[in-house]
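# Analysis of the macromolecular model
So the chains spell out like this:
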Amino acid sequence: MDNEKGKLFLIPTTLGDNEPLEVLPISVKKVIEELDCFIVENEKTARRFIKRITPRKSQPSLTILKLDKYADQLEVRTYLDACETGVSIGLLSEAGVPAIADPGAEIVKLAHEKNIKVVPLVGPSSIILAMMASGFNGQNFVFNGYLPIDTAERKAAIKRLERLSKEKNQSQIFIETPYRNDKMFADLKSTLTPTAKVCIACNITLADEYIRTLEIKDWKKENPELHKKPTIFIIHKD
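Remember, it's a predicted structure, so these values are computed and weren't measured experimentally. (Residues numbered from 1 in each chain as written. Predicted model: local features only at pLDDT ≥ 70, side-chain atom pairs only at ≥ 80, totals over all residues. Heavy atoms only, no water.)

## Description of the sheet that holds strand S1 (residues 8-11)
With parallel pairing, 5 strands are arranged side by side in an open sheet as S3-S2-S4-S1-S5. Among the strands making up the open sheet, the edge pair consists of strand S3 (63-66) and strand S5 (118-120). Taken pair by pair, the neighbouring strands of this sheet meet at an average axis angle of 25°, ignoring direction. One ladder, built from 2 bridges, connects strand S2 (residues 37-40) with strand S4 (residues 89-92); its direction is parallel. Within the sheet, the bridge partner assigned to Ile 39 lies in S4 and is Leu 91. Helix H5 (residues 105-113) rests against S1, S2, S4 and S5 of the sheet, and its axis sits at about 155° to S1. (Pairing = 2+ DSSP bridges. Helix = DSSP H or I, 4+ residues; strand = E, 2+ residues; numbered from the N terminus. Axes fitted to C-alpha atoms, helices over the stretch in contact; angles between N-to-C directions. Contact = heavy atoms within 4.5 Å.)

Structure, rendered in structure tokens:
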């Protein structure tokens, strides 16, 4: 550990109910064993994850700092104060890697402002794993987050992503709230041109993982079960 300042460790978690060491390297376990202070979205799920990966770690001794939509922003600015005294802190994502489609990005930004060393640890990113498995252009891709909820706006966004993909040879990645996956899938089939390709990557790393890339004309014959399952969508138009 740094004798002057503590470090901020970016600690990945599983994407679902996996055994942690099936998808995470032993280095993650070793770092968690060394830390007693964690910044998390949800205390209950964070403690459960920590207990699963390090069963002997004392739960009462942990300091848990919550980073959710209710967190006071002035208080959040103090979350890395312990690093100034040489104490290292772990930033835990709710699923996957911290700071990617994740509120932890503001903590990482704060660490850089305070000249605190940021240490990213290896772990599963659903965005990268889906892109790896899509068969699309891995040299040029964009993550767009969530598309609009309004149907007309969402369809306009889908058309725009298809146009950008063709113009730039750029894979367009986005996500949806799991209970709206079926509606998103229906809008993709009704909006994209027949030869546009779409990759659907669902429940990545889990036992029922589903990853498939087809043209829209072929997707119209398929009906994968996506409801309430974390899913990555990728559009690519040649």
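The rest of the description comes next.
## Quick look at the packing of helix H7 (residues 151-168) against helix H8 (residues 181-191)
One can describe the packing of H7 onto H8 by two numbers: an axis separation of 10 Å at closest approach and a directional angle of 55°. Considering their axes alone, H7 and H8 lie oblique with respect to each other. The crossing of H7 and H8 is right-handed. The segment H7 lies against H8, with Thr 151, Arg 154, Lys 155, Ile 158 and Lys 159 engaging Lys 183, Met 184, Asp 187, Leu 188, Ser 190 and Thr 191. Split by residue class, the contact of H7 with H8 holds 3 nonpolar, 3 polar and 5 charged. (Parallel < 35°, antiparallel > 145°, perpendicular 65-115°, else oblique. Left-handed = near helix turned anticlockwise from the far one by under 90°. Nonpolar A, V, L, I, M, F, W, Y, C, P; charged D, E, K, R; others polar.)

## Re the pairing of S1
In S1, alternate side chains face the same way, and those of Leu 8 and Leu 10 on one face and Phe 9 and Ile 11 on the other are all buried. Across 4 bridges, the pairing between S1 and S4 is parallel. Paired with Leu 10 across the strands is Leu 91, a residue of S4. Pairing geometry for S1 and S5, over 3 bridges, is parallel. Across the sheet, Phe 9 pairs through a bridge with Val 119, a residue of S5. (Buried < 20%, exposed > 50% of the residue type's maximum accessible area, 1.4 Å probe, protein only.)

## Some remarks on the sheet that holds strand S8 (residues 197-202)
The mixed open sheet is built from 5 strands, whose spatial order is S6-S7-S10-S8-S9. Only two strands of the sheet have a single neighbouring strand rather than two, namely strand S6 (141-146) and strand S9 (210-215). Across the sheet, the mean angle from the axis of one strand to that of its neighbour is 20°, orientation sign disregarded. Pairing analysis gives 4 bridges linking strand S7 (residues 171-175) to strand S10 (residues 231-236), with the strands arranged antiparallel. In the strand pairing of S10, Gln 172 is matched with Ile 235. H7 contacts S6, S7 and S10 of the sheet and is inclined by roughly 55° relative to S10.

## Let's talk about a nonpolar patch on the surface
A surface patch of nonpolar side chains, about 290 Å² in accessible area, is lined by Ile 128, Met 132 and Phe 141. Relative to the helices and strands, Phe 141 is located in strand S6. (Patch = residues over 30% accessible without salt bridge, like charges linked within 9 Å, V, L, I, M, F, W, Y side chains within 5 Å. Areas by Shrake-Rupley, 256 points an atom, 1.4 Å probe, with all protein chains shown as cover. Salt bridge = Lys/Arg side-chain N within 4 Å of Asp/Glu carboxyl O.)

## Some points on the pairing of S10
Counting buried residues along S10, 6 of its 6 residues qualify, which places the element largely inside the surrounding structure. In S10, alternate side chains face the same way, and those of Thr 231, Phe 233 and Ile 235 on one face and Ile 232, Ile 234 and His 236 on the other are all buried. Taken together, the 6 bridges between S8 and S10 define a ladder with antiparallel strand orientation. Paired with Ala 201 across the two strands is Ile 232, which belongs to S10.

## With respect to unusual backbone geometry
A positive phi angle is found at Asn 115, which is not glycine, with a value near 60°. Looking at the secondary structure, you find Asn 115 in the loop between H5 and S5. Overall, the relative accessible area of 64% leaves Asn 115 in the exposed class. The phi dihedral of Thr 205 falls on the positive side, at around 80°, and the residue is not glycine. For Thr 205, the position within the fold is in the loop between S8 and S9. For Thr 205, a relative accessible area of 24% puts it in the partly exposed group.

All we've got here are geometric facts, nothing functional implied.
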